[in-house]
Amino acid sequence: MALASISTVALSMAILGTFILMVLGSHRFAERQLERFEIAVYLPVGADLADANRVRDEIKSLPLTSKVDLLSRDAEWNKLKLKLNTNIDLGGIANNPLPYALNVESRDSRRTSELADKIGKIKGIDAVNDYKKIYGSVKTIADLVRILGFAASIILCLTTTFIISNAIRLTVFARRHEIRIMQLVGATNWFIRIPLVIEGIVIGAAGAFIAYGLISVSSHYTVGVLQRQVMPILRDISSGVSPTQFMTTLTCTGAAIGALGSYISIRRFLKV
Amino acid sequence: MIEYCDVSLVYPNGVQALSDVNLRVGKGDFLFVVGASGSGKSSLLKLTYRELLPTKGRVFVGQEDVTKTARSAVPYLRRKIGVVYQDFKLLPQKTVWENLAFVLRVTSVPRKEIRKRICEALELVGMMHRCDSFPTELSGGEQQRASIARALVNNPPILIADEPTGNLDPDTSWGIMQILSRINTARGTTVVVATHDNQVVDRMMRRVVAVEGGKIIRDQDRGTYHDEASEPESLCKSELTEY
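Residues numbered from 1 in each chain as written. Chains lettered and ligands numbered in written order. Predicted model: local features only at pLDDT ≥ 70, side-chain atom pairs only at ≥ 80, totals over all residues.

Draft legend 1. Spotlight on the overall build of chain A. When helices and strands are tallied, chain A shows 8 helices and 4 strands. Along chain A, helices (α) and strands (β) appear in the sequence α-β-α-β-α-β-α-β-α-α-α-α when read from the amino end. A total of 272 residues make up chain A; the buried ones form 26% of that total. Contacts spanning at least 24 positions in sequence make up 86% of the contacts within chain A whose residues lie at least 6 apart. (Helix = DSSP H or I, 4+ residues; strand = E, 2+ residues; numbered from the N terminus. Buried ≥ 20, exposed ≤ 12 C-beta atoms within 10 Å, placed from the backbone. Contact = placed C-beta atoms within 7 Å.)

Below, the structure written as structure tokens:
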């Protein structure tokens, strides 16, 4: 009976664990995309290096700024020439027509727009490009992934608790005669409950540990292949959780669900 | 020791199991509760160890009104009452010794004391030689003796036996009754036995309380299963009103 319960716990926890890893992975992936957004700041044509340095210092002093790069006009001009060389003849333009430009990174990827607005108010700036539209869409997707993932995790967690508590109820049900006799000979409810709750904890923890093994082995063979051969972009998808951390969390969650499941199951047998 | 005061019991399905029962069992008494199946004798006994609660009335065990006992205190009440069941209720995966030790562990008896008490109880019922056997390896009579030993091992002042010979042949039944009688006289334990085994009751000649339709229709010292003195039914009822 305990073996049946452990295998049910293992399968349920494997599904829950895989799902949570996927949610964490996609959440992290979406957040990383947000972090990639930089703010491009353009000074008016004719502004000199002194103006550019002043603007850079002002941007640096903003609390949300994490990094400011003043781009070299010459390097940018060479890059542009190289890029357009095949299509447009730039031979006629002798002087570098590009204005000074800066790239700014935000300390908080979710407040990039806020920082761009603040930069826009600095004097001596021609234009600020924070890719608002694309950034907004990515942010919406990231938010959606976070909210849906969180909600689905809770639902799945409740379902897992229900399935596991039912499996443990079978174990308790198999011992109902023993429980009944214990009651009749004068055992207190806690005397009866404690060993069964401990049994629930062991079943939950053992099942969760097996689930960890299943997830580790299957992810090693499937995710690795997917990342290498099918979608290189998936290299960016990782939950960011260390194996030890994941194993500990999964085992503790299994033990807690096991204890809760036992406690709930025993309650109905303990009514005097 | 045990007292029922105006006790009535109606089951949730509407069946009236007991109706205005008044009964007093003194300390050290040996009492047979007799009656046909469904007459209410088991219900009467179950009220003492709070397996059931009366719909009306009060039940005293010692000085305690068990109808008012808190749910959390029920285990402590049950430790004062040893119960023997028709179906023995022994744990099949434990030996006779372990079944008895289990009861003592439940009640937190020190390890040293456990051995002594088990030996005493098993010797009293003549089961010391089968202490390492599992219930399935025992005959019905032996299982019942083990069950009596378990009920006794806590040294309870009251022993309740609900149809203890229901599954046994006449000779074995007589042996079981001898053991119960010995416990009553040797230990001074109050013994209440519900039975419909007329041969045993007639041979023992102890106090007999007859139950019919949830009412006590006779309470007789040194009585027999059937009321020989007052064969007509009307006389039985007159005894009830006297009581």
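Draft legend 2. Focus on the interface of chain B and chain A. Each side of the interface is counted separately: chain B has 13 residues, and chain A has 10 residues. If you list the elements that add at least two residues to the side of chain B that touches chain A, you get α2 (74-78) and α3 (96-106) of chain B. Element by element, the count of residues in the side of chain B that touches chain A is highest for α2(B), at 4 residues. Residue composition of the side of chain B that touches chain A, grouped by class: 7 nonpolar, 1 polar and 5 charged. (Nonpolar A, V, L, I, M, F, W, Y, C, P; charged D, E, K, R; others polar.)

Draft legend 3. Main features of the sheet that holds strand β9 (residues 207-212) of chain B. Residue and element names in this part refer to chain B. Spatially, the 6 strands line up as an open sheet ordered β6-β7-β8-β3-β9-β10, and their pairing is mixed. The open sheet has two free edges, formed respectively by β6 (81-85) and β10 (215-220), since each of these has just one partner strand. Between one strand axis and the next, the sheet turns by 15 degrees as a mean value, whatever way the strands run. Inspection of the sheet shows strand β3 (residues 30-34) paired to β9 by 4 bridges, in the parallel sense. The residue bridging V33 from the neighbouring strand is V209, located in β9. Running over the sheet, helix α5 (residues 140-152) touches β6 and β7 (158-162) and is turned about 165 degrees from β6. Across the sheet, helix α6 (residues 170-187) touches β3, β7 and β8 (190-195), and the angle it forms with β8 is around 155 degrees. (Pairing = 2+ DSSP bridges. Axes fitted to C-alpha atoms, helices over the stretch in contact; angles between N-to-C directions.)

Draft legend 4. Region of the structure containing the packing of helix α1 (residues 2-35) of chain A against helix α8 (residues 243-267) of chain A. Residue and element names in this part refer to chain A. For the pair α1 and α8, interaxial distance at closest approach is 11 Å and the crossing angle is 130 degrees. The pairing of α1 with α8 is recorded here as oblique in orientation. The handedness of the crossing between α1 and α8 is right-handed. In contact with V9, M13 and G17 of α1, α8 contributes L250, G254 and G258. Its residues placed into classes, the contact of α1 with α8 shows 3 nonpolar, 3 polar and no charged. (Parallel < 35°, antiparallel > 145°, perpendicular 65-115°, else oblique. Left-handed = near helix turned anticlockwise from the far one by under 90°.)

Draft legend 5. Region of interest: helix α6 (residues 176-184) of chain A. Listed in full, the buried residues belonging to α6(A) are A:I181, A:M182 and A:Q183. Remark: A:G186 follows α6(A) within two positions and exhibits a positive phi of approximately 100 degrees.

Draft legend 6. Representation of the packing of helix α5 (residues 132-174) of chain A against α8(A). Residues and elements named next belong to chain A. Between α5 and α8, whose axes approach to 8 Å, the crossing angle comes to 55 degrees. On the basis of the axis angle, α5 is oblique to α8. Where α5 crosses over α8, the handedness of that crossing is right-handed. Where α5 abuts α8, its residues T160, T161, I164, S165, I168, R169 and V172 lie against I257, G258, L260, G261, S262, I264, S265 and I266. Here the residues of the contact of α5 with α8 are counted per class, giving 7 nonpolar, 7 polar and 1 charged.

Draft legend 7. Summary view of the sheet that holds strand β2 (residues 65-70) of chain A. Residues and elements named next belong to chain A. Read across the sheet, 4 strands follow the order β2-β3-β1-β4 without closing on themselves; strand pairing throughout is antiparallel. Two strands bound the open sheet, and with one partner strand each, they are β2 and β4 (127-129). Pairwise comparison of adjacent strand axes, ignoring direction, gives a mean angle of 20 degrees for this sheet. Sheet analysis places strand β1 (residues 39-42) next to β4, joined by 3 bridges and oriented antiparallel. Among the inter-strand pairings, A40 is bridged to a residue of β4, identified as N129. Together, β1, β2, β3 (101-106) and β4 form the strand contacts of helix α4 (residues 112-120), whose direction differs from that of β1 by roughly 10 degrees.

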